[in-house]
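Summary of the model geometry
Each chain, letter by letter, is given below.
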Amino acid sequence: MCSTCGCGAGETRVGGKPLSEPEDDPPQRNGHAPPQQAAEQGRPGRSTIGYSAVVAADGRHRHGAGPWPRAHHPAARAEPHADDAATDAGEPLADAPAPATTPSRMVRIERDILARNDGHAAQNRQRFDEQGILALNLVSSPGSGKTSLLCRSIEALKDKLSITVIEGDQQTSRDAERIRATGVAAVQINTGKGCHLDAHMVGHALDELSPADDSLLLIENVGNLVCPAAFDLGEADKVVILSVTEGEDKPLKYSAMFHAASLMLLNKVDLLPYVSFDCDLAIGYARRVNPTLQVIQLSATTGEGFEQWLAWLEAGCAARRGKRMATVAALQRRIVERAARLAAATGG
């Protein structure tokens, strides 16, 4: 079970094949064992998650003592006990305060519970940097139009860019099949009861896809505006899609996601004459959460606004390609300089 959000684990399939949990991977299996330093320290700049828990003298967490639900509370999963068997089997535990005679103590626990994921994300990011790949993590509520948006984008760009796609859904491979119908390679990740993709899953999907250098990788996350905000996949940017068939206040209700995103796509604008949706209000709410958030209004159905979106994608790919070429050129200069020094030292 996910230690961050409590969703199911052990059911993930990448390209139809079962995926072992990171804890069970032997060292350096498929290159996805997280670097020890990254696993211990977490990603630079990531805030440590702190929380308080009431723990009885026998080490058991008193359910209901803190603000977190029992199934989601990291402290409750720190040391398994007999009650976990019922919880993991899907039977919720009843609130049961510790006996009055049992002394309790407040334990302040501060740790980065995403450190393991961040280790895998660091490996993915290094791979993207070395290959000049622009990796984007597309996130939204279910039904916002992510897959339709991807299909139209791919049709417009596939003759200009090498594109691969990672599709995330709890069940079925329908979206991956839609993507493959456009002529590009796609791998489906089914998370079972899981509510988000993580960097470990993406690393294995990369092995299946083998994306080309200087290419575009589009990662369609599971439809969910909560947990995907917390999981770094190694991407360059999170792109959040909000449709006009949703509420304008989504950015305020799910602020972590909009704060983590670099770009918001306001989709389905062709439906504005038929729905009660205030675009200016929605954008204002989003920028209240994230003042630097870029916004593009478009329609995956009619193509309205797509010129700006496609230009954003092409500019991002060009920047990544330029960065990789600059890195390669710098390495080549260092090799030439060291060869010259060696020749001078040896009289060659």
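Quick summary incoming for the structure in this document. Since we're looking at a predicted model, the values are computed, not measured.

Scanning the protein from N- to C-terminus turns up ten helices and eleven strands. Relative to its full complement of 348 residues, the protein shows a buried share of 46%. Taking the contacts inside the protein whose residues are at least 6 apart along the sequence as the reference set, 73% of them involve residues at least 24 apart.

To continue, consider the pattern of salt bridges. Throughout the structure, instances matching the rule amount to ten salt bridges. In this structure, Lys 238 and Glu 235 form a salt bridge, with 2.7 Å as the shortest nitrogen-oxygen distance. In terms of burial, Lys 238 and Glu 235 fall into one category: buried. Salt bridges sharing partners connect three or more residues here, namely Asp 213, Asp 214 and Arg 324.

The buried fraction of strand β10 (residues 263-267) amounts to five of the five residues, a majority that puts the element mostly inside the structure. Judged from the five bridges that link them, strand β9 (residues 237-243) and β10 form a sheet pairing that is parallel. Bridge pairing in β10 places Ile 241 opposite Leu 265. Pairing geometry for β10 and strand β11 (residues 294-297), over four bridges, is parallel. The residue bridging Leu 265 from the neighbouring strand is Ile 296, located in β11.

A positive phi angle is found at Ser 210, which is not glycine, with a value near 50 degrees. Examined against the element boundaries, Ser 210 turns out to sit in the loop between α6 (199-209) and β8 (216-220).

Where helix α3 (residues 115-131) meets α6, the closest approach of the two axes is 8 Å, and the angle between their N-to-C directions is 35 degrees. Both α3 and α6 take part in a crossing whose hand is left-handed. Contacts from Asn 117, His 120, Ala 121, Asn 124, Arg 127 and Phe 128 of α3 reach α6 at Ala 199, His 200, Val 202, Gly 203, Leu 206 and Asp 207. A breakdown of the residues in the contact of α3 with α6 according to their chemical character gives five nonpolar, five polar and two charged.

Per the counting criterion, the structure on display carries one aromatic pair. Ring geometry for Trp 309 versus Trp 312: centroids 5.8 Å apart, planes at 15 degrees, classification stacked. Separated by three residues within a single helix, Trp 309 and Trp 312 lie in helix α10 (residues 306-346), roughly one turn from each other. Trp 309 gets classed as buried once you look at its relative accessible area, which sits at 0%. The ring centre of Phe 306 lies 5.7 Å from the NZ or CZ of Arg 152, which sits over that ring.

On to the side chain of Thr 182, then. The residue Thr 182 is located in the loop between α5 (174-180) and β7 (185-190) in this model. Taking the relative accessible area as the measure of exposure, Thr 182 reaches 5% and is therefore buried. At 2.5 Å, the side chain of Thr 182 forms a polar contact with the backbone oxygen of Ile 179.

In this model, α10 (41 residues) spans 60 Å end to end at C-alpha, consistent with the 60 Å of a helix rising 1.5 Å per residue. Along α10, the residues classified as buried are Phe 306, Trp 309, Leu 310, Trp 312, Leu 313, Cys 317, Arg 320 and Arg 324. One or two residues past the end of α10 sits Gly 347, with phi positive at roughly 75 degrees.

As a packed pair, α3 and α10 sit with axes 7 Å apart at the nearest point and diverge in direction by 80 degrees. When the axes of α3 and α10 are compared, the pair comes out roughly perpendicular. Contacts from Phe 128, Asp 129, Glu 130 and Gln 131 in α3 reach Arg 320, Lys 323 and Arg 324 in α10. A per-class count over the contact of α3 with α10 returns one nonpolar, one polar and five charged.

Here we take up helix α9 (residues 279-289). For α9, the set of buried residues is Cys 279, Ala 282, Ile 283, Tyr 285, Ala 286 and Val 289. One side of α9 carries all its buried residues, which in axial view fall inside an arc of 160 degrees. Exposed and oriented more than 90 degrees from the buried face of α9 are Asp 280 and Arg 288. The elements touched by buried residues of α9 are β9, α7 (250-253), α8 (255-260), β10 and β11. The N-terminus of α9 is capped by Asp 278, whose side-chain oxygen sits 3.1 Å from the backbone nitrogen of Asp 280.

Parameters and conventions
Residues numbered from 1 in each chain as written. Predicted model: local features only at pLDDT ≥ 70, side-chain atom pairs only at ≥ 80, totals over all residues. Heavy atoms only, no water. Helix = DSSP H or I, 4+ residues; strand = E, 2+ residues; numbered from the N terminus. Buried < 20%, exposed > 50% of the residue type's maximum accessible area, 1.4 Å probe, protein only. Contact = heavy atoms within 4.5 Å. Salt bridge = Lys/Arg side-chain N within 4 Å of Asp/Glu carboxyl O. Pairing = 2+ DSSP bridges. Axes fitted to C-alpha atoms, helices over the stretch in contact; angles between N-to-C directions. Left-handed = near helix turned anticlockwise from the far one by under 90°. Nonpolar A, V, L, I, M, F, W, Y, C, P; charged D, E, K, R; others polar. Phe/Tyr/Trp six-rings, centres within 6.5 Å; stacked < 30°, edge-to-face > 60°. Lys NZ or Arg CZ within 6 Å of the ring centre and 35° of its normal. Polar contact = N/O pair within 3.5 Å; in protein donor to acceptor, adjacent residues only side chain to side chain. Expected span 1.5 Å × (residues − 1). Parallel < 35°, antiparallel > 145°, perpendicular 65-115°, else oblique. Arc of directions from axis to C-beta.

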